[in-house]
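# Structure at a glance
Residues per chain, in single letters:
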Amino acid sequence: MEQLRFKDDSGNHYPEWNKNKISEVGFLKTSSIDKLIHQNEEVLNLVNYMDVYKQKEVSNKTVKNMPLTSANKNQISQNNLKKGDVLFTPSSETKRDIGHTLSIKEDIENAVYSYHLMRFRPNIEFDPNFLNYVFKTKKSYFQLSQFAQGLTRYTLSIKNLNKLEFNYPNSIKEQEKIGNYFSNLDKIINNKSRQLDLLELYKKDMLYKIFNQKIRFKDDNGNDYPEWSEEKVEKYILIFPKTKNPASLGSDKGKFRFFTSSIDKEQYIDESLFNGDYIIIGDGGVANFIHYIGEFNVSDHCWVANFRNMNNGFVKNYFEYKKKYINDQLFQGTGLKNLSRKLFLNFKIPFCKIDEQDKIANTFFKIDSDLLNLRDSLKSMNNLKKDMLEKMF
(Lines give C-alpha, C1' and ligand atoms only; values in the text may rest on other atoms or scores of the structure.)
Protein backbone atom coordinates (compact mmCIF):
# COMPACT_ATOMS: atom_id res chain seq x y z
CA MET A 1 0.00 0.00 0.00
CA GLU A 2 1.36 3.42 -1.04
CA GLN A 3 1.81 5.64 2.03
CA LEU A 4 1.94 8.88 0.03
CA ARG A 5 -0.29 9.86 -2.90
CA PHE A 6 -0.57 12.94 -5.06
CA LYS A 7 -3.96 14.51 -5.73
CA ASP A 8 -5.26 15.94 -9.01
CA ASP A 9 -5.48 19.65 -9.72
CA SER A 10 -8.95 19.76 -8.16
CA GLY A 11 -7.71 18.19 -4.94
CA ASN A 12 -9.31 14.81 -5.62
CA HIS A 13 -7.68 11.41 -5.26
CA TYR A 14 -6.44 9.66 -8.36
CA PRO A 15 -7.71 6.11 -9.11
CA GLU A 16 -6.15 3.16 -7.26
CA TRP A 17 -2.87 1.75 -8.52
CA ASN A 18 -2.33 -1.41 -10.54
CA LYS A 19 0.06 -4.23 -9.70
CA ASN A 20 1.59 -6.30 -12.49
CA LYS A 21 4.57 -8.39 -13.45
CA ILE A 22 6.61 -6.62 -16.09
CA SER A 23 5.85 -9.51 -18.50
CA GLU A 24 2.19 -8.45 -18.32
CA VAL A 25 2.82 -4.87 -19.44
CA GLY A 26 5.78 -5.21 -21.80
CA PHE A 27 8.62 -7.43 -22.96
CA LEU A 28 12.33 -7.91 -22.30
CA LYS A 29 15.06 -8.08 -24.91
CA THR A 30 18.72 -9.05 -24.60
CA SER A 31 21.46 -7.90 -26.98
CA SER A 32 24.33 -9.54 -28.84
CA ILE A 33 26.19 -6.32 -29.64
CA ASP A 34 29.77 -6.07 -28.36
CA LYS A 35 32.27 -3.19 -28.37
CA LEU A 36 33.93 -4.17 -31.67
CA ILE A 37 33.51 -2.58 -35.08
CA HIS A 38 32.98 -5.17 -37.83
CA GLN A 39 33.25 -4.75 -41.57
CA ASN A 40 30.07 -4.25 -43.59
CA GLU A 41 28.11 -3.13 -40.51
CA GLU A 42 26.72 0.28 -39.60
CA VAL A 43 28.73 2.26 -37.02
CA LEU A 44 26.67 3.53 -34.09
CA ASN A 45 27.06 4.67 -30.49
CA LEU A 46 26.87 2.05 -27.76
CA VAL A 47 25.13 2.39 -24.39
CA ASN A 48 27.07 0.28 -21.90
CA TYR A 49 26.61 -1.34 -18.49
CA MET A 50 28.43 1.47 -16.65
CA ASP A 51 26.24 4.12 -18.27
CA VAL A 52 23.26 2.54 -16.51
CA TYR A 53 25.13 1.70 -13.31
CA LYS A 54 26.35 5.30 -12.95
CA GLN A 55 22.97 6.71 -13.98
CA LYS A 56 24.33 8.70 -16.91
CA GLU A 57 21.84 10.62 -18.98
CA VAL A 58 21.10 8.87 -22.27
CA SER A 59 19.83 11.37 -24.83
CA ASN A 60 20.52 12.20 -28.47
CA LYS A 61 22.99 14.81 -27.21
CA THR A 62 24.90 12.72 -24.66
CA VAL A 63 24.95 9.47 -26.66
CA LYS A 64 27.30 11.07 -29.19
CA ASN A 65 30.03 10.99 -26.53
CA MET A 66 29.58 7.26 -25.89
CA PRO A 67 31.82 4.60 -27.49
CA LEU A 68 31.36 3.49 -31.08
CA THR A 69 30.41 -0.01 -32.16
CA SER A 70 28.88 -1.61 -35.23
CA ALA A 71 25.73 -3.62 -35.80
CA ASN A 72 23.87 -5.28 -38.66
CA LYS A 73 20.38 -4.25 -39.76
CA ASN A 74 18.67 -6.94 -37.67
CA GLN A 75 20.57 -5.96 -34.50
CA ILE A 76 19.74 -2.29 -35.06
CA SER A 77 16.06 -3.17 -35.46
CA GLN A 78 16.04 -5.41 -32.37
CA ASN A 79 18.30 -3.41 -30.03
CA ASN A 80 17.37 0.22 -30.61
CA LEU A 81 16.26 2.60 -27.87
CA LYS A 82 12.85 4.27 -27.80
CA LYS A 83 11.13 6.66 -25.43
CA GLY A 84 9.81 4.70 -22.44
CA ASP A 85 12.38 1.89 -22.62
CA VAL A 86 14.07 0.83 -19.38
CA LEU A 87 17.58 -0.65 -19.34
CA PHE A 88 18.47 -3.19 -16.63
CA THR A 89 21.91 -4.35 -15.47
CA PRO A 90 21.29 -8.13 -15.34
CA SER A 91 24.59 -9.19 -13.75
CA SER A 92 26.74 -8.35 -10.74
CA GLU A 93 29.36 -9.76 -8.39
CA THR A 94 26.82 -9.62 -5.56
CA LYS A 95 23.07 -10.19 -5.39
CA ARG A 96 22.52 -6.85 -3.70
CA ASP A 97 24.05 -4.91 -6.58
CA ILE A 98 21.99 -6.37 -9.39
CA GLY A 99 19.17 -4.78 -11.37
CA HIS A 100 20.12 -1.11 -11.68
CA THR A 101 17.79 0.66 -14.09
CA LEU A 102 17.75 3.70 -16.34
CA SER A 103 14.79 4.91 -18.39
CA ILE A 104 15.03 6.43 -21.86
CA LYS A 105 13.30 9.81 -22.17
CA GLU A 106 13.31 10.16 -25.98
CA ASP A 107 13.79 8.09 -29.13
CA ILE A 108 17.57 7.70 -29.53
CA GLU A 109 19.00 7.87 -33.04
CA ASN A 110 22.04 5.91 -34.21
CA ALA A 111 22.54 4.05 -30.94
CA VAL A 112 22.10 0.55 -29.54
CA TYR A 113 22.66 -1.09 -26.14
CA SER A 114 25.35 -3.66 -25.32
CA TYR A 115 25.08 -7.35 -24.52
CA HIS A 116 25.76 -6.50 -20.86
CA LEU A 117 22.29 -4.93 -20.60
CA MET A 118 18.67 -6.01 -20.90
CA ARG A 119 15.90 -3.78 -22.26
CA PHE A 120 12.32 -3.60 -21.01
CA ARG A 121 9.88 -2.08 -23.52
CA PRO A 122 6.35 -1.42 -22.22
CA ASN A 123 3.37 -2.17 -24.42
CA ILE A 124 1.13 0.23 -22.48
CA GLU A 125 1.64 3.93 -21.85
CA PHE A 126 3.95 4.97 -19.00
CA ASP A 127 5.59 8.25 -18.14
CA PRO A 128 9.34 7.77 -18.78
CA ASN A 129 10.28 9.83 -15.72
CA PHE A 130 8.11 7.58 -13.56
CA LEU A 131 9.76 4.47 -15.00
CA ASN A 132 13.16 5.87 -14.02
CA TYR A 133 12.25 5.47 -10.32
CA VAL A 134 9.64 2.74 -9.95
CA PHE A 135 12.26 -0.05 -10.00
CA LYS A 136 14.66 1.72 -7.58
CA THR A 137 12.90 0.59 -4.39
CA LYS A 138 13.75 -1.94 -1.70
CA LYS A 139 10.83 -4.06 -2.90
CA SER A 140 12.26 -4.29 -6.41
CA TYR A 141 15.85 -4.86 -5.31
CA PHE A 142 14.72 -7.59 -2.91
CA GLN A 143 12.83 -9.39 -5.67
CA LEU A 144 15.77 -9.10 -8.06
CA SER A 145 18.21 -10.43 -5.45
CA GLN A 146 15.95 -13.46 -5.02
CA PHE A 147 15.81 -14.04 -8.79
CA ALA A 148 19.59 -13.75 -9.26
CA GLN A 149 21.50 -16.98 -9.88
CA GLY A 150 25.21 -17.81 -9.83
CA LEU A 151 28.27 -18.55 -7.71
CA THR A 152 31.09 -16.06 -8.43
CA ARG A 153 28.92 -13.73 -10.53
CA TYR A 154 25.16 -13.43 -10.35
CA THR A 155 22.86 -13.02 -13.35
CA LEU A 156 19.21 -12.46 -14.11
CA SER A 157 17.53 -14.46 -16.85
CA ILE A 158 14.66 -13.11 -18.94
CA LYS A 159 12.44 -15.76 -17.36
CA ASN A 160 13.17 -14.57 -13.83
CA LEU A 161 13.21 -10.85 -14.60
CA ASN A 162 9.78 -11.23 -16.19
CA LYS A 163 8.49 -12.16 -12.70
CA LEU A 164 9.35 -8.74 -11.27
CA GLU A 165 6.22 -7.15 -9.82
CA PHE A 166 5.67 -3.42 -9.45
CA ASN A 167 2.89 -1.00 -8.56
CA TYR A 168 1.97 1.92 -10.79
CA PRO A 169 -0.80 4.52 -11.07
CA ASN A 170 -3.50 4.14 -13.69
CA SER A 171 -3.34 7.88 -14.22
CA ILE A 172 -0.53 9.17 -16.44
CA LYS A 173 -0.96 12.52 -14.71
CA GLU A 174 -0.12 10.95 -11.34
CA GLN A 175 2.85 9.15 -12.90
CA GLU A 176 4.07 12.49 -14.25
CA LYS A 177 3.81 14.15 -10.84
CA ILE A 178 5.76 11.32 -9.22
CA GLY A 179 8.40 11.32 -11.95
CA ASN A 180 8.79 15.10 -11.84
CA TYR A 181 9.09 15.08 -8.04
CA PHE A 182 11.97 12.60 -8.04
CA SER A 183 13.55 14.19 -11.12
CA ASN A 184 13.65 17.57 -9.35
CA LEU A 185 15.04 15.88 -6.24
CA ASP A 186 17.80 14.34 -8.36
CA LYS A 187 18.64 17.74 -9.86
CA ILE A 188 19.19 19.11 -6.34
CA ILE A 189 21.29 16.06 -5.39
CA ASN A 190 23.38 16.29 -8.58
CA ASN A 191 23.92 20.01 -8.07
CA LYS A 192 25.15 19.45 -4.52
CA SER A 193 27.39 16.62 -5.74
CA ARG A 194 28.97 18.96 -8.30
CA GLN A 195 29.48 21.61 -5.62
CA LEU A 196 31.15 19.00 -3.41
CA ASP A 197 33.42 17.81 -6.23
CA LEU A 198 34.48 21.38 -7.02
CA LEU A 199 35.17 22.22 -3.38
CA GLU A 200 37.24 19.05 -2.95
CA LEU A 201 39.27 20.03 -6.02
CA TYR A 202 39.69 23.53 -4.61
CA LYS A 203 40.99 22.15 -1.32
CA LYS A 204 43.41 19.86 -3.13
CA ASP A 205 44.70 22.84 -5.11
CA MET A 206 45.05 24.94 -1.96
CA LEU A 207 46.97 22.17 -0.17
CA TYR A 208 49.42 22.07 -3.07
CA LYS A 209 49.84 25.85 -3.32
CA ILE A 210 50.16 26.54 0.40
CA PHE A 211 52.55 23.71 1.23
CA ASN A 212 54.68 24.48 -1.82
CA GLN A 213 54.65 28.13 -0.65
CA LYS A 214 53.14 29.39 -3.89
CA ILE A 215 50.66 31.17 -1.62
CA ARG A 216 52.06 32.93 1.45
CA PHE A 217 50.20 34.80 4.18
CA LYS A 218 51.35 38.11 5.61
CA ASP A 219 51.38 39.17 9.25
CA ASP A 220 48.91 41.62 10.75
CA ASN A 221 51.15 44.54 9.70
CA GLY A 222 51.23 43.39 6.07
CA ASN A 223 54.80 42.12 6.29
CA ASP A 224 56.14 38.80 5.00
CA TYR A 225 56.63 36.00 7.48
CA PRO A 226 60.13 34.43 7.77
CA GLU A 227 61.12 31.58 5.49
CA TRP A 228 59.97 28.07 6.44
CA SER A 229 62.24 25.36 7.73
CA GLU A 230 61.90 21.57 7.90
CA GLU A 231 62.03 19.52 11.07
CA LYS A 232 61.58 15.85 11.89
CA VAL A 233 58.23 14.81 13.38
CA GLU A 234 60.00 13.48 16.48
CA LYS A 235 61.08 16.99 17.49
CA TYR A 236 57.51 18.14 18.17
CA ILE A 237 55.24 15.12 18.51
CA LEU A 238 53.89 13.62 21.72
CA ILE A 239 52.22 10.23 21.10
CA PHE A 240 49.97 8.82 23.80
CA PRO A 241 49.90 5.08 24.60
CA LYS A 242 47.56 3.08 22.41
CA THR A 243 44.21 1.95 23.79
CA LYS A 244 43.11 -1.68 23.86
CA ASN A 245 39.67 -0.86 22.41
CA PRO A 246 38.65 -3.09 19.49
CA ALA A 247 37.02 -1.26 16.59
CA SER A 248 33.83 -3.23 17.27
CA LEU A 249 33.15 -1.06 20.36
CA GLY A 250 31.89 1.75 18.15
CA SER A 251 28.20 2.12 17.35
CA ASP A 252 25.72 4.54 15.80
CA LYS A 253 24.82 5.96 19.21
CA GLY A 254 26.84 7.23 22.15
CA LYS A 255 27.98 10.34 24.01
CA PHE A 256 31.40 10.71 22.39
CA ARG A 257 33.03 10.25 19.00
CA PHE A 258 34.87 6.95 18.57
CA PHE A 259 37.63 6.89 15.96
CA THR A 260 39.06 3.82 14.25
CA SER A 261 41.72 3.45 11.55
CA SER A 262 38.93 3.87 8.98
CA ILE A 263 37.13 7.16 8.44
CA ASP A 264 34.34 5.69 6.29
CA LYS A 265 31.78 5.59 9.08
CA GLU A 266 31.03 7.99 11.94
CA GLN A 267 30.92 6.04 15.21
CA TYR A 268 30.23 6.78 18.87
CA ILE A 269 30.89 5.41 22.37
CA ASP A 270 29.72 6.27 25.90
CA GLU A 271 33.17 6.59 27.50
CA SER A 272 35.82 9.17 26.58
CA LEU A 273 39.56 8.81 27.17
CA PHE A 274 40.80 12.09 25.69
CA ASN A 275 39.69 15.69 26.00
CA GLY A 276 41.47 18.49 24.15
CA ASP A 277 43.11 19.37 20.84
CA TYR A 278 44.67 16.32 19.15
CA ILE A 279 45.55 14.66 15.87
CA ILE A 280 44.21 11.11 15.47
CA ILE A 281 46.28 8.93 13.16
CA GLY A 282 44.95 5.66 11.78
CA ASP A 283 47.89 3.28 11.50
CA GLY A 284 46.29 0.24 9.84
CA GLY A 285 45.84 -0.22 6.09
CA VAL A 286 46.05 3.36 4.82
CA ALA A 287 46.91 6.69 6.38
CA ASN A 288 44.02 8.66 7.84
CA PHE A 289 44.42 11.88 9.80
CA ILE A 290 41.78 13.68 11.84
CA HIS A 291 42.14 16.91 13.80
CA TYR A 292 39.64 16.85 16.65
CA ILE A 293 38.92 19.20 19.55
CA GLY A 294 36.78 17.87 22.40
CA GLU A 295 36.14 14.59 24.21
CA PHE A 296 36.61 11.34 22.27
CA ASN A 297 37.88 7.78 22.29
CA VAL A 298 39.85 5.66 19.82
CA SER A 299 40.40 2.05 18.83
CA ASP A 300 43.64 0.11 19.16
CA HIS A 301 44.65 0.96 15.58
CA CYS A 302 44.88 4.70 16.24
CA TRP A 303 47.63 6.95 17.51
CA VAL A 304 46.58 10.03 19.47
CA ALA A 305 49.17 12.76 19.07
CA ASN A 306 49.82 16.37 20.00
CA PHE A 307 52.44 18.62 18.40
CA ARG A 308 54.17 20.90 20.85
CA ASN A 309 54.57 24.55 19.80
CA MET A 310 52.65 23.86 16.60
CA ASN A 311 49.07 24.18 15.38
CA ASN A 312 47.63 20.68 15.13
CA GLY A 313 45.32 21.79 12.30
CA PHE A 314 48.33 22.99 10.30
CA VAL A 315 50.15 19.68 10.83
CA LYS A 316 47.08 17.57 10.03
CA ASN A 317 46.60 19.34 6.70
CA TYR A 318 50.25 18.84 5.79
CA PHE A 319 49.85 15.12 6.50
CA GLU A 320 46.76 15.12 4.29
CA TYR A 321 48.76 16.81 1.52
CA LYS A 322 51.50 14.14 1.84
CA LYS A 323 49.06 11.25 2.28
CA LYS A 324 50.15 9.35 -0.83
CA TYR A 325 53.82 9.57 0.15
CA ILE A 326 53.03 8.45 3.70
CA ASN A 327 51.01 5.50 2.38
CA ASP A 328 53.67 4.45 -0.10
CA GLN A 329 56.80 5.05 1.96
CA LEU A 330 55.94 4.91 5.67
CA PHE A 331 53.56 1.94 5.79
CA GLN A 332 55.23 -1.46 6.03
CA GLY A 333 54.35 -5.13 6.31
CA THR A 334 52.70 -7.87 4.30
CA GLY A 335 48.95 -8.13 3.99
CA LEU A 336 47.50 -5.28 6.04
CA LYS A 337 50.31 -2.73 6.27
CA ASN A 338 50.90 -0.56 9.33
CA LEU A 339 52.44 2.85 9.80
CA SER A 340 56.08 2.46 10.82
CA ARG A 341 56.70 4.46 13.99
CA LYS A 342 60.40 4.79 13.24
CA LEU A 343 59.89 6.04 9.69
CA PHE A 344 57.09 8.37 10.77
CA LEU A 345 59.18 9.99 13.52
CA ASN A 346 61.94 10.67 10.97
CA PHE A 347 59.48 12.14 8.46
CA LYS A 348 60.09 15.85 7.93
CA ILE A 349 57.35 18.47 8.26
CA PRO A 350 57.42 22.22 7.55
CA PHE A 351 57.86 24.64 10.41
CA CYS A 352 56.90 28.31 10.33
CA LYS A 353 55.83 30.98 12.79
CA ILE A 354 52.82 29.92 14.86
CA ASP A 355 50.85 32.98 13.62
CA GLU A 356 51.23 31.80 10.02
CA GLN A 357 50.36 28.25 11.03
CA ASP A 358 47.16 29.56 12.64
CA LYS A 359 46.15 31.41 9.46
CA ILE A 360 46.78 28.35 7.32
CA ALA A 361 44.88 26.10 9.74
CA ASN A 362 41.95 28.54 9.81
CA THR A 363 41.83 28.62 6.00
CA PHE A 364 41.48 24.85 5.81
CA PHE A 365 39.09 24.79 8.76
CA LYS A 366 36.68 26.99 6.78
CA ILE A 367 37.02 24.78 3.70
CA ASP A 368 36.52 21.62 5.78
CA SER A 369 33.45 23.15 7.45
CA ASP A 370 31.93 23.87 4.03
CA LEU A 371 32.78 20.34 2.89
CA LEU A 372 31.15 18.87 6.01
CA ASN A 373 28.00 20.94 5.50
CA LEU A 374 27.77 19.88 1.86
CA ARG A 375 28.29 16.21 2.71
CA ASP A 376 25.64 16.39 5.45
CA SER A 377 23.22 18.14 3.12
CA LEU A 378 23.87 15.60 0.37
CA LYS A 379 23.40 12.73 2.81
CA SER A 380 20.09 14.22 3.99
CA MET A 381 18.83 14.63 0.43
CA ASN A 382 19.76 11.06 -0.47
CA ASN A 383 18.05 9.78 2.68
CA LEU A 384 14.96 11.83 1.81
CA LYS A 385 14.94 10.31 -1.67
CA LYS A 386 15.20 6.76 -0.27
CA ASP A 387 12.45 7.44 2.26
CA MET A 388 10.14 8.95 -0.35
CA LEU A 389 10.75 6.06 -2.77
CA GLU A 390 9.61 3.60 -0.13
CA LYS A 391 6.57 5.67 0.88
CA MET A 392 5.55 6.52 -2.70
CA PHE A 393 5.80 2.99 -4.05
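First, a word on scope: everything that follows refers to the structure included in this document. (Residues numbered from 1 in each chain as written. Predicted model: local features only at pLDDT ≥ 70, side-chain atom pairs only at ≥ 80, totals over all residues. Heavy atoms only, no water.)

## Remarks on the sheet that holds strand 8 (residues 111-113)
Threshold: Pairing between two strands requires that DSSP report at least two bridges joining them. Helix numbers and strand numbers start at the N terminus; a helix is a DSSP run of H or I with at least 4 residues, a strand a run of E with at least 2. Axis definition: a line fit to C-alpha positions, over the contact stretch in the case of helices; interaxial angles, taken between N-to-C directions, run 0 to 180 degrees.
Spatial strand order, 4-3-8: 3 strands in an open sheet with mixed pairing. Of all strands in the sheet, those with a lone pairing partner are strand 4 (68-71) and strand 8, marking the two edges. Looking at each pair of strands side by side, their axes are set apart by 55° on average, direction ignored.

## Here we look at helix 6 (residues 172-211)
Applied cut-off: Expected helix span is given by 1.5 Å per residue-to-residue step, counting one fewer step than there are residues. Any pair of N or O atoms that falls within 3.5 Å is considered a polar contact. Within protein, one atom must be able to donate a hydrogen and the other to accept it, and sequence-neighbouring residues count only if both atoms are side-chain atoms.
When the terminal C-alpha atoms of helix 6 are compared, their 58 Å separation across 40 residues agrees well with the 58 Å that a helix rising 1.5 Å per residue should span. Looking at where helix 6 begins, the residue whose side-chain oxygen comes 3.2 Å from the main-chain nitrogen of lysine 173 is serine 171. With its phi angle positive at about 60°, glutamine 213 sits one or two positions after the end of helix 6.

## Topic: the nonpolar core
The following threshold applies: We call a set of buried Ala, Val, Leu, Ile, Met, Phe, Trp, Tyr and Cys residues a nonpolar core when their side-chain atoms join them within 4.5 Å. A 1.4 Å probe rolled over the protein chains alone gives each residue an accessible area, and that area as a share of the maximum for its type sets the label: buried under 20%, exposed over 50%, partly exposed in between. Residues count as neighbours in contact if any of their non-hydrogen atoms are within 4.5 Å of one another.
Judged by nonpolar contacts, the single largest core of 72 residues is most densely connected at Phe307, Phe319 and Phe393. Apart from residues no more than four positions distant in its own chain, phenylalanine 307 is found in contact with Val233, Tyr236, Ile237, Ile279, Asn312, Val315, Phe319 and Ile349. Residues Val47, Ile104, Ala111 and Leu117 belong to the second largest nonpolar core, which totals 14 residues.

## A word on a negative patch on the surface
The cut-off we apply is this: Excluding any residue in a salt bridge, patches collect residues exceeding 30% relative accessible area, merging like charges within 9 Å and nonpolar Val, Leu, Ile, Met, Phe, Trp and Tyr side chains within 5 Å. Accessible surface is estimated by sampling points in the Shrake-Rupley manner with a 1.4 Å probe; for residues, cover comes only from the protein chains shown. Every case where a carboxyl oxygen of Asp or Glu lies within 4 Å of a side-chain nitrogen of Lys or Arg is listed as a salt bridge. Residues counted as positive are Lys and Arg, residues counted as negative are Asp and Glu, and His and the chain ends are not counted. Charge positions come from single atoms, namely NZ of Lys, CZ of Arg, CG of Asp or CD of Glu.
A cluster of like negative charges, contributed by Glu57, Glu106, Asp107 and Glu109, occupies part of the molecular surface. Note that glutamate 109 resides in the loop between strand 7 (101-103) and strand 8.

## A short note on the environment of aspartate 34
Considering the arrangement of structural elements, one finds aspartate 34 in the loop between strand 2 (26-29) and strand 3 (42-47). Between the C-alpha atoms of aspartate 34 and serine 70, which are 36 residues apart in sequence, the distance is 8.2 Å. Here aspartate 34 is in contact with Leu46, Thr69 and Tyr115, once residues within four sequence places are set aside. Looking at aspartate 34, its side chain comes within polar contact range of the main-chain nitrogen of leucine 36, at 3.0 Å.

## Quick notes on helix 4 (residues 138-147)
Among the residues of helix 4, those classed as buried are Ser140, Gln143, Leu144, Ser145 and Phe147. The elements touched by buried residues of helix 4 are helix 3 (128-134), strand 10 (149-150), strand 11 (154-155), helix 5 (158-161) and strand 12 (165-169).

## Points about the sheet that holds strand 9 (residues 118-122)
Sheet architecture is open: 4 strands sit in the order 2-9-5-7, paired in antiparallel fashion. One side of each edge strand has no neighbouring strand; the edge strands of this open sheet are strand 2 and strand 7. For this sheet, the mean angle separating the axes of adjacent strands, direction not counted, is 20°.

## Things to note about a nonpolar patch on the surface
A grouping of Ile37, Val43 and Leu68 is seen on the molecular surface, where their side chains present a nonpolar patch of about 270 Å² in accessible area. Looking at where valine 43 falls in the secondary structure, it is placed in strand 3. According to the relative accessible area criterion, valine 43 is partly exposed, its value standing at 44%.

## Overview of the packing of aromatic side chains
We apply this condition: Here a Phe, Tyr or Trp ring, Trp counted by its six-membered ring, pairs with any other such ring whose centre lies within 6.5 Å, and the pair is stacked when the planes are under 30 degrees apart, edge-to-face when over 60, and tilted otherwise. In this scheme, the term charge over a ring applies when either NZ of a lysine or CZ of an arginine sits within 6 Å of the ring centre and within 35 degrees of the ring normal.
As enumerated under the stated definition, the model contains 37 aromatic pairs in all. Ring centres 5.0 Å apart and planes at 70° place the aromatic pair phenylalanine 126 and tyrosine 168 in the edge-to-face group. Within this pair, whereas phenylalanine 126 is found in the loop between strand 9 and helix 3, its partner tyrosine 168 is found in strand 12, the two being separated by 42 residues in sequence. Comparing phenylalanine 126 with tyrosine 168, the two get one shared label, buried. Here the basic side chain of lysine 136 rests over the ring of tyrosine 133, its NZ or CZ set 5.9 Å away from the ring centre. The side chain of arginine 341 reaches across the aromatic face of tryptophan 303, ending 5.9 Å from its centre.

Just distances and angles here, no functional claims.
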